[in-house]
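These are the residues of each chain, in order.
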There are 2 protein chains.
Amino acid sequence: MAASSSVSLQTVVSRAVAGGHGSPSPSHPDHLSLPAGFRLSSIAGKGVRSLSSSRTGVRRTGPAKVRAAAVETLEGKAGTTALVEKSVNTIRFLAIDAVEKANSGHPGLPMGCAPMGHILYDEVMRYNPKNPYWFNRDRFILSAGHGCMLQYALLHLAGYDSVQEEDLKAFRQWGSRTPGHPENFETTGVEVTTGLLLELSCGSPLGQGIANAVGLALSEKHLAARFNKPDNEIVDHYTYVIVGDGCQMEGISNEACSLAGHWGLGKLIAFYDDNHISIDGDTEIAFTEDVSARFDALGWHTIWVKNGNTGYDDIRAAIKEAKAVKDKPTLIKVTTTIGYGSPNKANSYSVHGSALGAKEVEATRSNLGWPYEPFHVPDDVKSHWSRHVPDGAVLEAEWNAKFAEYEKKYKEDAEALKGIISGEFPAGWEKALPTYTPESPGDATRNLSQQCLNALVKVLPGLLGGSADLASSNMTLLKMYGDFQKDTPEERNVRFGVREHGMGAICNGIALHSPGLIPYCATFFVFTDYMRAAMRISALCEAGVIYVMTHDSIGLGEDGPTHQPIEHLLSFRAMPNILMLRPADGNETAGAYKVAVLNRKRPSILALSRQKLPQLPGTSIEGVEKGGYVISDNSTGNKPDLILISTGSELEIAAKAADELRKEGKSVRVVSLVSWELFDEQSDEYKESVFPAAVTARVSIEAGVTLGWEKFVGSKGKAIGIDRFGASAPAGKIYKEFGITAENVIATAKSL
Amino acid sequence: MAASSSVSLQTVVSRAVAGGHGSPSPSHPDHLSLPAGFRLSSIAGKGVRSLSSSRTGVRRTGPAKVRAAAVETLEGKAGTTALVEKSVNTIRFLAIDAVEKANSGHPGLPMGCAPMGHILYDEVMRYNPKNPYWFNRDRFILSAGHGCMLQYALLHLAGYDSVQEEDLKAFRQWGSRTPGHPENFETTGVEVTTGLLLELSCGSPLGQGIANAVGLALSEKHLAARFNKPDNEIVDHYTYVIVGDGCQMEGISNEACSLAGHWGLGKLIAFYDDNHISIDGDTEIAFTEDVSARFDALGWHTIWVKNGNTGYDDIRAAIKEAKAVKDKPTLIKVTTTIGYGSPNKANSYSVHGSALGAKEVEATRSNLGWPYEPFHVPDDVKSHWSRHVPDGAVLEAEWNAKFAEYEKKYKEDAEALKGIISGEFPAGWEKALPTYTPESPGDATRNLSQQCLNALVKVLPGLLGGSADLASSNMTLLKMYGDFQKDTPEERNVRFGVREHGMGAICNGIALHSPGLIPYCATFFVFTDYMRAAMRISALCEAGVIYVMTHDSIGLGEDGPTHQPIEHLLSFRAMPNILMLRPADGNETAGAYKVAVLNRKRPSILALSRQKLPQLPGTSIEGVEKGGYVISDNSTGNKPDLILISTGSELEIAAKAADELRKEGKSVRVVSLVSWELFDEQSDEYKESVFPAAVTARVSIEAGVTLGWEKFVGSKGKAIGIDRFGASAPAGKIYKEFGITAENVIATAKSL
């Protein structure tokens, strides 16, 4: 979208707001900018609420004037150079002081990046400090997450409630709102979570943040293409990110940036903090590539700011140029001095990850002419920054007015967009899920998964996703839609290429963009090994990504051990806050999708078969929601002779074995344990109803490691599984050779 | 090293061989080229064995003439263009026929890459088909491992015993020597393993192969710098690799190639099979970057062969140019047509991963003028390729003679190099490991690890490695040595930069280069998530890499949950063929290193503490070797009241709790379960001696997930651990908040 048309539109809206809606902007606007759970329907159409300026405690100027400063960035209102310098030093010393007090942390990056941070937050970015969830805000990610004191200092100056002086003083302490690396889940109060993230995402593990930023920029481009109208560009924001040398070395950043170039994400602007220092010393020891040339090759526009320490105008000019290039993302290489201002430690690795020490802090104070006490924000700096609270309120109010206009003219689109913004699903959405009877034809769960995705996309406006070059194997294509591409960004099939790690992190960015965006992504289950770090970040930052992982066992056959997952089910069952689901047939696959869609703060992994499976009697969506349930039983009084436990493609084998044993007069229960995590959350009573403590004759069967199954089969039961790597052969042959058969289940059961 | 000087040296040796040693070259030379286990000392000095030419069944020409063909590549002996074309088509049809017979596989890549494959194996590479382990062979890796029928066809033509016609016919079948993706561990016989790998490494998961190749080329450069002499360049080979579009998209390849450029690995030559097709269709949908420009930026020399289908001379010229550039690795982009020759499927994704089908096979036969039966190798092609068996024998014999000269003049270096080639360690090496008493000062196990590494490097000539930009945190620097760099490749500290995934795969390449090379690599334990795919490949292809993983729990403190491993111990305990070791103090750290060094076919992960730990009474190297053992016990008759089980940094807590409980009159056993895998391998008798079945009162304590501990604490015991993400605070505070304390152990024990 053209920035010029954006500005003129904003002007139109601004006038409309000033002329027709009275005082705009609440100080805590809880409008469309709120996260999931807030009932949109109850506020739609109420119009703009009046401003209670006393709540902010800041005198406001008129909205038009405010906009000039906040929106028409880079012009006027920037403050004198002396004031900018003072503000920049304030940022530096807030970082220095917080790290010093914690005696732990990374002062070097904030000291070097303070100028670009200042310009972004004070002059360029559009945001509302009192509602960090405002939908149309510019996004900012600190990919070099260890430098998070930069972000905390900026949020503090900008007036975010989440980072008060006492929070800066509690940096890296138990229960504080300023943890050691940016997190978006420290929820000692909604306002806090709000304050510290969405923008930050979970930047810390290097390279994740830039990939998250690609996901944010993708989301903006997609939503803008779907919802903007010639007379109302309701979606319109930039995504800014600061990446360090470490991020640039990580492969994930190359993956994500290759896609960003391919997609032409023109509103993604990355600052590369080129400070030549990493933990082990000068980057010369391991990193001598030409980063800018690499980004040129990836299809980015590149700019070099040679003096990032004091070249304020150069930084401003670079941002202006970046915004003018609309068909490519921009990398602004900003050469800085790590630990700028520290006379003895600047430009050395010693300033990267340790407190400066009292002596050097004093030397830095003296060197930069900083006479203030720790944590002090000079009055003129405070006063200069104070405009962001009222300005932000105006920005959001203007946008709300714009949305009200939009809603009047484009009712249906507005409804869909509201759903995406709020995370509210249309009532009865789950009825779209297919159901099956034992008479329904058998099918691979990867195919059943595709039926679910294509059913859900009709009722969930925020569902989009794709595969890492395996769409035709993972069965993830949405048939109603084309490909999300540079020139067709309104489409919903995303082609990630063979870039699993980048894919996962991009999906985290999509999920964090708006509560109603539901990204899914796919590859072979074994290749979760390529993207595990991104998946853990999904879990940690509560991004409800749906991981569609097919070819989930030796059942994939000939591709052999490099493609056959063995330990993967257990390895994810062990990961906190992620749901590992392994459905056995159509009903269970539908159930898995229901769970995955509902869990917006917990990612889900669906392990799906390549091979055809029968529709089993007794399976159900409701059963899946409990994690484990009885699919068949011929016992009475909760006292079967034997319990067979299984998941996914082996549930059929357990059912067959049970049939045989029942013919021999045994009472046998078959339990589908589709999600251990969900089962763990059930009541003790329910658990006892499935696994009565008195019944110790238990056999599990799963085409994966037996480790962990002791939890369910107990000391007297037996686990059938695979405790070695797989093999290359047709699937049936491997199953037989590995003893994953009904015969083996029967023999094992009899041995108990 | 200069290729010209190499050639002249070879000539000198060749003359020496021809003049002084009689008929050189055994057909199965089991010299220095053999893997670990062969006793070098018994053959050193025996000189060159006589050739039994009847064993090869091939008439040999004189050695000098043979060398002209095999070594002075690219000149003469290449065969007429008609014969080359016929050979190339032979390769194509062997691939087509094998995939057709298996009705599964990937014919497209072999059909497109057959020309470069032919030129490499027939005209360029130096190898000995009858001894694939020959140390100084050129290495070849097919990074696009799905195209492995290319490799199988080439090995077949070249005369490797491991790929006979019947092996091609058993492609992708149970127990065959030609599995679905190249593997180096299919050991139905040593000759077989031999045949199929070291060169291939485990190329299949995309991007791994190119990173392995970087490791092979690093090894060559390092060993050449350490051992070559002005008059005897005993180490001198190239590393060739074919990468596809998929490899290029994976972040790991950018990581590894950035390092290859940084290190100036001039003898690494990569062919980029630029065929514009990936599984999901044209690469246009997800991959539009300028790959060659990216490699230029990474510091590579780049060449473009525009007609890879029939431009034989262009391919030859490119290789010649690549060899002439000695200070940079070379990327030769070879534009090919996937499925070349198939009239209806060439240049489409349908030829990537499926059999052509009988009809299209016939059409392709007709199109390429191929009248032969399936699997047929025409006589003139067979005859042309037949020279490689005798030529290879000569090459190795010449090298053996050269080594004999080397040994005479440079006894000490020869001894070290022999150890590296054979994998034999000097007698008594393990005595170098430090030992500790309870009175020794306490220390973090990461520091104790550094003591071990620095002790071992004095006795193990093949030990080298480093960290992903955390050397000063992981404590992995070898103090006697400098950095392995472009201009100091003889040094042994490798600086990987922040590239965990590339680091792991490069170490796999180092381990696979020579049995006596022992690579170690390091990062924070939580970042194994970034490199898990490479670690699984270590396990799968039996590369004994040592993973030094520090900051192994919440004990790292302030860096917070993004840096605190929780599920990682269990996730690796579940992975086949990898040892997860978590030592508790100095003796256990030394024991872990002993185990890791001895396990050359099984990688080891050492989880090490950031924080200081005491030297505990009762720990021992021998105990570690058993995986689990009793460190203290006040019971008699193998009947303690209670068994406390722990690992690593929590063993101290278990020991403290035991002391308290013993004061109260209880008989308590404390077990260190440092490696579950090693313990599993002990006899039932030993296991019973540690965990008597009759004692069900058991409590485990470990700062990680409790899942899996049911295996040891049983249905009646309790596991203390952490089943959530960590937190940002000083370590002691987090331990207390999470209940990882002696008080909690005591309370839990009393509740049983």
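Small disclaimer: the values here were computed from a predicted structure and weren't measured.

*Asks:* I keep staring at the overall build of chain A and nothing clicks. Help me out?
*Replies:* In terms of helices and strands, chain A carries 30 helices and 21 strands. The proportion of buried residues among the 752 residues of chain A is 70%. Across chain A, the fraction of contacts at a sequence separation of at least 24, relative to all contacts at a separation of at least 6, is 78%. As displayed, chain A has an accessible area near 22500 Å², and 50% of this comes from carbon and sulfur atoms.

*Asks:* Which parts of the structure should I look at to understand the sheet that holds strand 18 (residues 642–646) of chain A?
*Replies:* Sheet strands pair via backbone hydrogen bonds, and the direction of the pair is either parallel or antiparallel. Residues and elements named next belong to chain A. Here we have five strands laid out as an open sheet, ordered 17-19-18-20-21, and mixed in their pairing. Strands with a single pairing partner mark the edges of an open sheet, and in this sheet they are strand 17 (629–633) and strand 21 (718–720). Averaged over all pairs of adjacent strands, the angle between strand axes in this sheet comes to 20°, irrespective of strand direction. Two elements, strand 18 and strand 20 (residues 698–701), share four bridges in a ladder whose sense is parallel. Its bridge partner lying in strand 20, I643 is registered against R698.

*Asks:* Sorry, what's going on with the pairing of strand 3 (residues 268–274) of chain A here?
*Replies:* Each regular strand displays side chains that alternate between the two surfaces of the sheet. Residues and elements named next belong to chain A. Buried residues dominate strand 3, accounting for seven of its seven residues. Alignment of strand 2 (residues 239–243) against strand 3, held across five bridges, turns out to be parallel. Counted as the bridge partner of Y240 is I269 from strand 3. Across six bridges, the pairing between strand 3 and strand 7 (residues 330–335) is parallel. Looking across to strand 7, one finds that I269 is bridged to T330.

*Asks:* Would you mind showing me how to read the interface of chain A and chain B here?
*Replies:* Reports of interface size often rely on the accessible area that becomes lost once the parts have come together. Taken together, the 94 residues of chain A in the interface contact 95 residues of chain B. Summed over both sides, the interface between chain A and chain B buries roughly 7800 Å², with carbon and sulfur atoms accounting for 59% of that surface. Per-residue buried area on chain A facing chain B is highest for A:W174, A:Y530 and A:R536; these three make up 11% of the total on that side. Along the contact surface separating chain A from chain B lie eight salt bridges. Two residues, B:R172 and A:D559, come together in a salt bridge whose shortest N-O distance is 2.7 Å. At the junction of chain A and chain B, the tally comes to 45 residue pairs in polar contact (both at pLDDT 80 or more). Looking at the side of chain A that touches chain B element by element, the count peaks at seven residues for helix 21 (residues 528–540) of chain A. Each residue belonging to the side of chain A that touches chain B can be placed in one class, and the counts come to 40 nonpolar, 29 polar and 25 charged.

*Asks:* It is not clear to me how the packing of helix 4 (residues 81–102) of chain B against helix 14 (residues 358–367) of chain B should be interpreted in this structure. Could you clarify?
*Replies:* When two helices pack together, their arrangement is captured by the angle between the axes and the distance separating the axes. All names here are of chain B. Orientation of helix 4 relative to helix 14, taken along the N-to-C sense of each, is 170°, at an axis distance of 11 Å. Taken as axis vectors, helix 4 and helix 14 run roughly antiparallel relative to one another. Contact residues: F93, I96, D97 and E100 in helix 4; A358, V361, T364 and R365 in helix 14. Per-class residue counts for the contact of helix 4 with helix 14 are four nonpolar, one polar and three charged.

*Asks:* It is not clear to me how helix 9 (residues 208–227) of chain B should be interpreted in this structure. Could you clarify?
*Replies:* One turn of the α-helix equals 3.6 residues, which is why residues spaced by three or four share an orientation. If you check helix 9 of chain B, its first and last C-alpha atoms are 28 Å apart, about what 20 residues at 1.5 Å a residue would give, namely 28 Å. Burial of helix 9 of chain B is extensive: 19 of the 20 residues sit out of reach of the surface.

*Asks:* Looking at this structure, how should I read the UniProt feature "binding site: Mg(2+)" (unreviewed entry) in chain A?
*Replies:* Residues and elements named next belong to chain A. When the UniProt feature table is mapped onto this chain, "binding site: Mg(2+)" (unreviewed entry) is found at D245, N275 and I277. Sequence-wise these annotated residues cover 33 residues; spatially they are packed, their C-alpha atoms never more than 7.6 Å apart. One can find D245 in helix 10 (residues 245–249). Take D245: its relative accessible area is 5%, and that puts it in the buried class.

*Asks:* Teacher, can you tell me more about helix 11 (residues 251–263) of chain B here?
*Replies:* All names here are of chain B. End to end, helix 11 covers 19 Å across 13 residues, agreeing with the expected 18 Å (1.5 Å per residue, within 8%). Counting buried residues in helix 11 gives 13 out of 13 residues, a clear majority hidden from the surface. Backbone geometry just downstream of helix 11 places G264 in the positive-phi region, at approximately 65°.

*Asks:* Sorry if this is basic, but what is going on with the relation of the copies chain A and chain B here?
*Replies:* Both copies of the chain are placed relative to one another by a rotation about an axis and a shift along it. Relative to chain B, chain A is turned by 180° and slid 0.0 Å along the rotation axis, the superposed coordinates differing by an RMSD of 0.0 Å. These values place the two chain copies in the arrangement generated by a two-fold rotation axis. Among all residues of chain A, the minimum C-alpha distance to the rotation axis is found for A:G251, at 1.8 Å. Residue by residue, 100% of the interface of chain A is reproduced at the interface of chain B, so both copies engage with the same surface.

*Asks:* Just checking my understanding: could you explain the sheet that holds strand 1 (residues 139–142) of chain A for this structure?
*Replies:* Residue and element names in this part refer to chain A. Reading across from one edge, 1-2-3-7-6 is the order of the five strands in this open sheet, with parallel pairing throughout. Unpaired on one side and paired on the other, strand 1 and strand 6 (301–305) mark the two borders of the sheet. Looking at each pair of strands side by side, their axes are set apart by 15° on average, direction ignored. Both strand 1 and strand 2 contribute to a ladder of four bridges, which runs parallel. Its bridge partner being in strand 2, F140 is matched across the sheet by Y240. Across the sheet, helix 9 (residues 208–227) touches strand 1, strand 2 and strand 3, and the angle it forms with strand 2 is around 170°.

*Asks:* Help me out: how do you make sense of the packing of aromatic side chains in this one?
*Replies:* One pass over the structure, following the stated rule, counts 52 aromatic pairs over all chains. Taken together, a centroid distance of 4.9 Å and an interplanar angle of 90° make the contact between A:F295 and A:W300 edge-to-face. Pairwise contacts between aromatic rings join A:W676, A:F679, A:Y686, A:F691, A:W709 and A:F712 into one cluster. For the cation-ring pair, A:K333 lies above A:W304, with the distance from its terminal atom to the ring centre recorded as 4.4 Å. Across the ring face of B:Y238, the terminal group of B:K267 is positioned such that the distance to the ring centre comes to 5.5 Å.

*Asks:* Please clarify how unusual backbone geometry should be interpreted in this entry.
*Replies:* In most cases, non-glycine residues show a negative phi, while peptide bonds are predominantly trans. With a phi close to 65°, A:D469 is a non-glycine residue in the positive phi region. Tracing the sequence through the fold places A:D469 in the loop between strand 9 (463–467) and helix 19 (471–474). The backbone phi angle of B:R172 is positive, close to 70°, even though this residue is not glycine. If you trace the backbone, B:R172 turns up in the loop between helix 7 (165–169) and helix 8 (190–196).

*Asks:* What should I look at first to understand the domain arrangement of chain A in this one?
*Replies:* Partitioning chain A into structural domains gives domain 1 (85–196 + 208–393), domain 2 (429–608) and domain 3 (628–750). Computed over C-alpha atoms, the centres of domain 1 of chain A and domain 3 of chain A are 52 Å apart.

*Asks:* Quick question: what am I supposed to make of the pattern of salt bridges here?
*Replies:* If charged atoms from side chains of opposite charge come close, those side chains can pair. Residue and element names in this part refer to chain A. Tallied over the full model, the rule gives 70 salt bridges over all chains. Residue D236 is joined to R126 by a salt bridge in which the shortest nitrogen-to-oxygen separation is 3.8 Å. Here D236, found in the loop between helix 9 and strand 2, pairs with R126, found in the loop between helix 5 (108–124) and strand 1; they are 110 residues apart in sequence, far enough to count as distant. Of the charged contacts in the structure, one is a salt bridge between D161 and K130, with a shortest N-O distance of 2.4 Å. Here K130 lies in the loop between helix 5 and strand 1 and D161 lies in the loop between helix 6 (148–158) and helix 7 (165–169), a separation of 31 residues in the sequence. Overall, D161 belongs to the partly exposed group, its relative accessible area being 23%. Salt bridges here are not isolated pairs; linked through shared partners, they connect R126, E220, D236 and K267.

*Asks:* Please explain the UniProt feature "binding site: substrate" (unreviewed entry) in chain A as it appears in this structure.
*Replies:* All names here are of chain A. Under the UniProt annotation, the feature "binding site: substrate" (unreviewed entry) is placed at H106, H352, R446, S473, H551, D559, H563 and R610. Across 505 residues of sequence, these annotated residues are also dispersed in space, with a maximum C-alpha separation of 47.9 Å. Take H106: it is sitting in the loop between helix 4 (81–102) and helix 5. Assessed through its relative accessible area of 10%, H106 is described here as buried. Here H551 shows up in the loop between strand 13 (546–550) and helix 22 (568–573).

*Asks:* Quick question: what am I supposed to make of the environment of A:G502 here?
*Replies:* Residues and elements named next belong to chain A. Inspection of the secondary structure puts G502 in helix 20 (residues 500–513). With eleven residues separating them in the primary sequence, G502 and E491 have C-alpha atoms 20 Å apart. Sequence-distant contacts of G502, defined by excluding residues within four places in its chain, comprise I252 and E255.

The rules behind these values
- Residues numbered from 1 in each chain as written.
- Chains lettered and ligands numbered in written order.
- Predicted model: local features only at pLDDT ≥ 70, side-chain atom pairs only at ≥ 80, totals over all residues.
- Heavy atoms only, no water.
- Helix = DSSP H or I, 4+ residues; strand = E, 2+ residues; numbered from the N terminus.
- Buried < 20%, exposed > 50% of the residue type's maximum accessible area, 1.4 Å probe, protein only.
- Contact = heavy atoms within 4.5 Å.
- Areas by Shrake-Rupley, 256 points an atom, 1.4 Å probe, with all protein chains shown as cover.
- Pairing = 2+ DSSP bridges.
- Axes fitted to C-alpha atoms, helices over the stretch in contact; angles between N-to-C directions.
- Buried area = accessible area lost by both parts, 1.4 Å probe.
- Salt bridge = Lys/Arg side-chain N within 4 Å of Asp/Glu carboxyl O.
- Polar contact = N/O pair within 3.5 Å; in protein donor to acceptor, adjacent residues only side chain to side chain.
- Nonpolar A, V, L, I, M, F, W, Y, C, P; charged D, E, K, R; others polar.
- Parallel < 35°, antiparallel > 145°, perpendicular 65-115°, else oblique.
- Expected span 1.5 Å × (residues − 1).
- UniProt positions renumbered as here; feature names shortened; annotations may be inferred.
- Least-squares fit on C-alpha atoms with pLDDT ≥ 70 in both.
- Phe/Tyr/Trp six-rings, centres within 6.5 Å; stacked < 30°, edge-to-face > 60°.
- Lys NZ or Arg CZ within 6 Å of the ring centre and 35° of its normal.
- Domains from an automatic or database assignment.

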